[in-house]
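Tertiary structure, described
Residues per chain, in single letters:
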Amino acid sequence: MTKVILTQVRSVIGRPKGQRDTLIALGLRKMNASSVKETNPQILGMIAKVSHLVKVEEVK
């Protein structure tokens, strides 16, 4: 499977609880924090839900 690097680029202040919980589940707790995840349908759905808050880069 492909891996992606997720970096939180926008704050969760004022965002709905579902979006905050999704970021925590992706391993992002602070601004500019990064985490590496393997892609699968569940992770891709979570990324889609918070796409406006994160930057996604594919690992080569």
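See the structure shown above.
Structure report, in brief. (Residues numbered from 1 in each chain as written. Predicted model: local features only at pLDDT ≥ 70, side-chain atom pairs only at ≥ 80, totals over all residues. Heavy atoms only, no water.)

Scanning the protein for helices and strands turns up two helices and three strands. When the elements of the protein are put in sequence order from the N terminus, they spell out β-α-β-α-β. By the compact-globule yardstick of 10 Å for 60 residues, the protein fits well, its C-alpha radius of gyration being 11 Å. Judged by the C-alpha coordinates and their principal axes, the protein covers about 35 × 20 × 15 Å. Counting every position in the protein, which comprises 60 residues, the buried fraction comes to 27%. In the protein, the proportion of contacts linking residues at least 24 apart, taken out of those at least 6 apart, comes to 75%. Averaging the locations of the 11 positively and 4 negatively charged side chains of the protein gives two centres separated by 9 Å. (Helix = DSSP H or I, 4+ residues; strand = E, 2+ residues; numbered from the N terminus. Rg over C-alpha atoms; globule rule 2.2 N^0.38 Å. Buried < 20%, exposed > 50% of the residue type's maximum accessible area, 1.4 Å probe, protein only. Contact = heavy atoms within 4.5 Å. Lys, Arg positive; Asp, Glu negative; His and termini not counted. Charge placed at Lys NZ, Arg CZ, Asp CG, Glu CD.)

This part is about the nonpolar core. Within the largest apolar cluster, ten residues are counted, these being V4, L6, L23, L26, L28, I43, I47, V50, L53 and V54. Mapped by element, the contributors of at least two residues to this core are strand 1 (3–8) and helix 2 (41–49). Setting aside chain neighbours within four positions, we find V54 in contact with T7, Q8, V9, L23 and L28. (Core = buried A, V, L, I, M, F, W, Y, C linked by side-chain atoms within 4.5 Å.)

Another aspect to go through is the sheet that holds strand 1. Spatial ordering of the open sheet is given by 2-1-3, a layout of three strands whose pairing is antiparallel. Sheet topology places strand 2 (34–38) and strand 3 (54–58) at the edges, where each strand pairs with a single neighbour. Pairs of neighbouring strands in the sheet enclose a mean axial angle of 25°, with direction left out of account. Relative to strand 3, strand 1 runs antiparallel, the two being bridged by five bridges. Opposite T7, over in strand 3, you have K55 as the bridge partner. (Pairing = 2+ DSSP bridges. Axes fitted to C-alpha atoms, helices over the stretch in contact; angles between N-to-C directions.)

What follows is about the pattern of salt bridges. For the structure shown, the criterion picks out two salt bridges. One salt bridge in this structure joins D21 and K17, with 3.0 Å as the shortest N-O distance. Separated by four residues within a single helix, D21 and K17 lie in helix 1 (residues 17–25), roughly one turn from each other. Here K17 falls in the exposed class, since its relative accessible area comes to 51%. K55 is paired through a salt bridge with E57; the nearest N and O atoms lie 3.6 Å apart. Of the residues examined, K55 reaches a relative accessible area of 43% and is grouped as partly exposed. Relative accessible area serves as the criterion here: at 36%, E57 is assigned to the partly exposed category. (Salt bridge = Lys/Arg side-chain N within 4 Å of Asp/Glu carboxyl O.)

As far as function goes, none of this settles anything; it's purely spatial.
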